[in-house]
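Examination of the molecular architecture
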Amino acid sequence: MEVDKAEGQPSPIEFRLDPTSGVPTYLQLVQQVEQALRMGWLAEGDRLPRVREVVAGLAINPNTVLKAYRELEHRGLAVGRRGQGTFVRGLPAGVVPLRERTALRRGLLDWMRSAQAAGLDEGGMVAVFEDALRDLREGRDGVVA
């Protein structure tokens, strides 16, 4: 189901680029939309920034923005409407409702505070998290002997 929102409203997302990330510009835009959808910052029916707005704000080629929007359409996350713009059409897989996401975030913050108290810095926390995520993905229990 598509939800029509007021056409004149500004987009709730503003893109930012990290030229040092090594990630192609169009993929950075795609990833930011996916992240905004996962976090509930964007919802079905929201308008993405118009191509000319993104080009003016980031000083990038219009074809880069169009490529990102085509990729979002290919993934089923956006739909272009001639003369109106590009709108959020759906959500990526794995989006959790706000209540559950809030509880999970609270638990993660508790873990981060415990890790910090144990002496881990941000890099150490990221390393432990990524290692545990890899164990989960590979079906291992993560217990080190």
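The structure we're discussing is the one just above.
Since the structure is predicted, the reported quantities are computational estimates derived from the model, not experimental observations.

1. As for helix H4 (residues 98–117)
- A rise of 1.5 Å per residue sets the reference length of H4, with its 20 residues, at 28 Å; its end C-alpha atoms lie 28 Å apart and thus fit the reference within 8%.
- Gly 119 occupies a position one or two residues after H4 and carries a positive phi of about 110 degrees.

2. Examining the packing of helix H1 (residues 25–39) against helix H3 (residues 62–74)
- Where H1 contacts H3, the two axes come as close as 8 Å, and the packing angle between them is 45 degrees. In terms of their interaxial angle, H1 and H3 are classed as oblique. When you trace H1 past H3, the crossing you get is right-handed. Counted together, Thr 25, Tyr 26, Leu 29, Val 30 and Val 33 of H1 and Thr 64, Val 65, Lys 67, Ala 68, Glu 71 and Leu 72 of H3 form the full contact between these two elements.

3. Focus: the pattern of salt bridges
- All chains considered together, the criterion is met by 8 salt bridges.
- For Glu 14, the salt bridge identified is with Arg 16, shortest N-O distance 3.0 Å. By the burial criterion, Glu 14 is exposed, and Arg 16 matches it.
- The salt bridge partner of Asp 135 is Arg 140, with a shortest N-O separation of 2.6 Å.
- Residue Asp 135 is classed as buried on the basis of its relative accessible area, which comes to 10%.
- What emerges from the salt-bridge pattern is a single network uniting Glu 34, Glu 71 and Arg 75.

Procedures and definitions
- Starting afresh in each chain, residues are numbered from 1 along the sequence in its written order.
- Predicted model: local features are reported for residues with pLDDT of at least 70 only, side-chain atom pairs are reported and counted for 80 or more only, and whole-chain, interface and lining totals are derived from all residues.
- Note that the side-chain values use all heavy atoms of the structure and ignore hydrogens as well as water.
- Comment: elements are numbered from the N terminus, with helices defined as DSSP H or I runs of at least four residues and strands as E runs of at least two.
- To estimate the expected span of a helix, subtract one from its residue number and multiply by 1.5 Å.
- Interaxial angle, 0 to 180 degrees, is taken between N-to-C directions of lines fitted to C-alpha atoms, where a helix line uses only the stretch in contact.
- Roughly parallel means an angle under 35 degrees; roughly antiparallel, over 145; roughly perpendicular, 65 to 115; everything else is oblique.
- In this scheme the handedness of a crossing depends on how the near helix is turned from the far one: anticlockwise by less than a right angle means left-handed, clockwise means right-handed.
- We call two residues in contact when some of their heavy atoms are within 4.5 Å.
- Throughout this description, the term salt bridge denotes a Lys or Arg side-chain nitrogen within 4 Å of a carboxyl oxygen of Asp or Glu.
- Residue exposure (1.4 Å probe, protein chains only): buried if accessible area is under 20% of the type maximum, exposed if over 50%, otherwise partly exposed.

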